[in-house]
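Summary of structural features
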Amino acid sequence: MERSCSIPIVKEAYRRSPSSSKKERRSARAENLNRVMNVALATIGLILAAPIMLVFAVLVKLTSPGPIFYAQARVGLDRRRTARMPSVYDRRTRDLGGRPFMILKFRTMRIDSEQNGAVWAVKSDARVTPAGRLMRKYRIDELPQLVNVIRGEMNIVGPRPERPSIFSRLCDDIAEYPLRQRARPGITGLAQVNQAYDTSIDDVRTKVRYDLQYIERRGVAKDLIIMARTVPVMIFRKGGW
């Protein structure tokens, strides 16, 4: 009889290189510092903006029927880059390319403005209410998103999040578009301080280039510079309708 020969199987544990581990630790520390800064600034911002938000909440209510705030589904950070999956995530559903969340805004349009589906806003849009037009000029409608920042769904600075239906179309038209989801979405961003609202696919392509440039160079110092540049954009209505 032939003697059976058993070959021992040695399972080697996966070992990260020291340089890789150090880089990951630095990245984790930077991310934690960034989140602390965002939550702190969003909390301070909500406190300081509370009187302005109260005034516009009253204006929205008095000038058009419907709710004061508007919640809309947006595509956020890529799920595959988050530490843990959301408890409500269903693997059977379509991967949108990012973690979906509900963005908060002051309502600037009539309640029946999108009964025929999601479309881009245009200049002198007839769907916009009188109070909404004023808020859009000064970007005041975005202030409730400070709550999204505190929740961890957004940062103050980052690529602007898009609606799932438009996101899918843009991914088909612009190959680099999904790469924006490598960063948490933001209220403002490098694209927003350099360009106005999107009106065409070419506008989106330009903003994608700005977003990818930001992701490549992002950091606390970069975010603070973009925040500072956002202030004159709001005050002087740069790019606002």
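Residues numbered from 1 in each chain as written. Predicted model: local features only at pLDDT ≥ 70, side-chain atom pairs only at ≥ 80, totals over all residues. Heavy atoms only, no water.

Another point: the overall build of the protein chain. Across its full length, the protein chain carries seven helices and four strands. For the protein chain, the sequential pattern of α-helices and β-strands runs α-β-β-α-α-β-α-β-α-α-α. Of all 241 residues assigned to the protein chain, the portion counted as buried reaches 40%. The contacts of the protein chain with a sequence gap of at least 6 include a subset with a gap of at least 24, amounting to 76%. (Helix = DSSP H or I, 4+ residues; strand = E, 2+ residues; numbered from the N terminus. Buried < 20%, exposed > 50% of the residue type's maximum accessible area, 1.4 Å probe, protein only. Contact = heavy atoms within 4.5 Å.)

Before going further, it helps to examine the pattern of salt bridges. On inspection of all chains with the given rule, the structure shows nine salt bridges. In this structure, Lys105 and Glu142 form a salt bridge, with 3.9 Å as the shortest nitrogen-oxygen distance. Of the two residues, Lys105 is situated in strand β2 (residues 100–106) and Glu142 in the loop between α2 (130–138) and α3 (145–151); the sequence distance between them amounts to 37 residues. Residue Lys105 is classed as buried on the basis of its relative accessible area, which comes to 14%. (Salt bridge = Lys/Arg side-chain N within 4 Å of Asp/Glu carboxyl O.)

Here the focus is the confidence of the model for the protein chain. Low-pLDDT portions of the prediction should not be read for the details of their coordinates. Model confidence for the protein chain is summarised by a mean pLDDT of 83, while 78% of its residues fall at 70 or above. Put simply, helix α1 (residues 18–63) is where the protein chain has its lowest mean pLDDT, 89, and α3 is where it has its highest, 98. Within the model, the stretch residues 1–14 combines pLDDT values under 50 with zero contacts to residues more than four positions away or in other chains. Residue range residues 82–94 is modelled with pLDDT below 50. Its contacts to residues more than four positions away, or to other chains, number five contacts. (pLDDT = per-residue confidence, 0-100.)

A word on the packing of aromatic side chains. The geometry of an aromatic ring pair comes down to the distance between the two centres and the angle between the two planes. Following the criterion strictly, the structure yields two aromatic pairs and no others. Taken together, a centroid distance of 5.1 Å and an interplanar angle of 20° make the contact between Phe69 and Phe106 stacked. One end of the pair, Phe69, is in strand β1 (residues 69–75); the other, Phe106, is in strand β2, and 37 residues separate them in sequence. Between Phe167 and Tyr177, the aromatic rings sit 5.5 Å apart at their centres with planes inclined by 65°, giving edge-to-face as the arrangement. Residue Phe167 is found in helix α4 (residues 164–173), and its partner Tyr177 is found in the loop between α4 and β4 (186–188); the two are separated by ten residues along the sequence. (Phe/Tyr/Trp six-rings, centres within 6.5 Å; stacked < 30°, edge-to-face > 60°.)

Over its 16 residues, helix α7 (residues 220–235) runs 23 Å from end to end, which matches the ideal 22 Å to within 8%, given 1.5 Å per residue. Of all the positions in α7, only Asp223, Ile226, Met227, Thr230 and Val233 are classed as buried. Seen from one end, α7 has its buried residues packed into an arc of 115°, which puts them on one side. Away from its buried face by more than 90 degrees, α7 exposes Ala221, Ile225 and Ile235. (Expected span 1.5 Å × (residues − 1). Arc of directions from axis to C-beta.)

Turning to helix α6 (residues 201–217), a few remarks are in order. Compared with the 24 Å implied by 1.5 Å per residue over 17 residues, the 25 Å span of α6 between its first and last C-alpha is a close match. Turning to α6, its buried residues number three or more, namely Asp203, Val204, Lys207, Val208, Asp211, Leu212, Tyr214 and Ile215. All buried residues of α6 project into a common sector of 165° when viewed along the axis, lining one side. Exposed side of α6, more than 90 degrees from the buried face: Arg209, Glu216 and Arg217 are the residues found there. For α6, the elements touching its buried residues are β3 (155–157), α4, α5 (190–194) and α7.

The topology assignment puts Asn148 in helix α3. Among the residues examined, Asn148 registers a relative accessible area of 0% and is labelled buried. Contacts of Asn148, omitting those with residues within four sequence positions, involve Phe101, Met102, Ile103, Leu104, Glu153 and Met154.

On the surface, a cluster of positive charge is made up of Lys22, Lys23, Arg25, Arg26 and Arg29. Mapped onto the secondary structure, Arg25 falls in helix α1. Note on Arg25: relative accessible area 46%, which makes it partly exposed. (Patch = residues over 30% accessible without salt bridge, like charges linked within 9 Å, V, L, I, M, F, W, Y side chains within 5 Å. Areas by Shrake-Rupley, 256 points an atom, 1.4 Å probe, with all protein chains shown as cover. Lys, Arg positive; Asp, Glu negative; His and termini not counted. Charge placed at Lys NZ, Arg CZ, Asp CG, Glu CD.)

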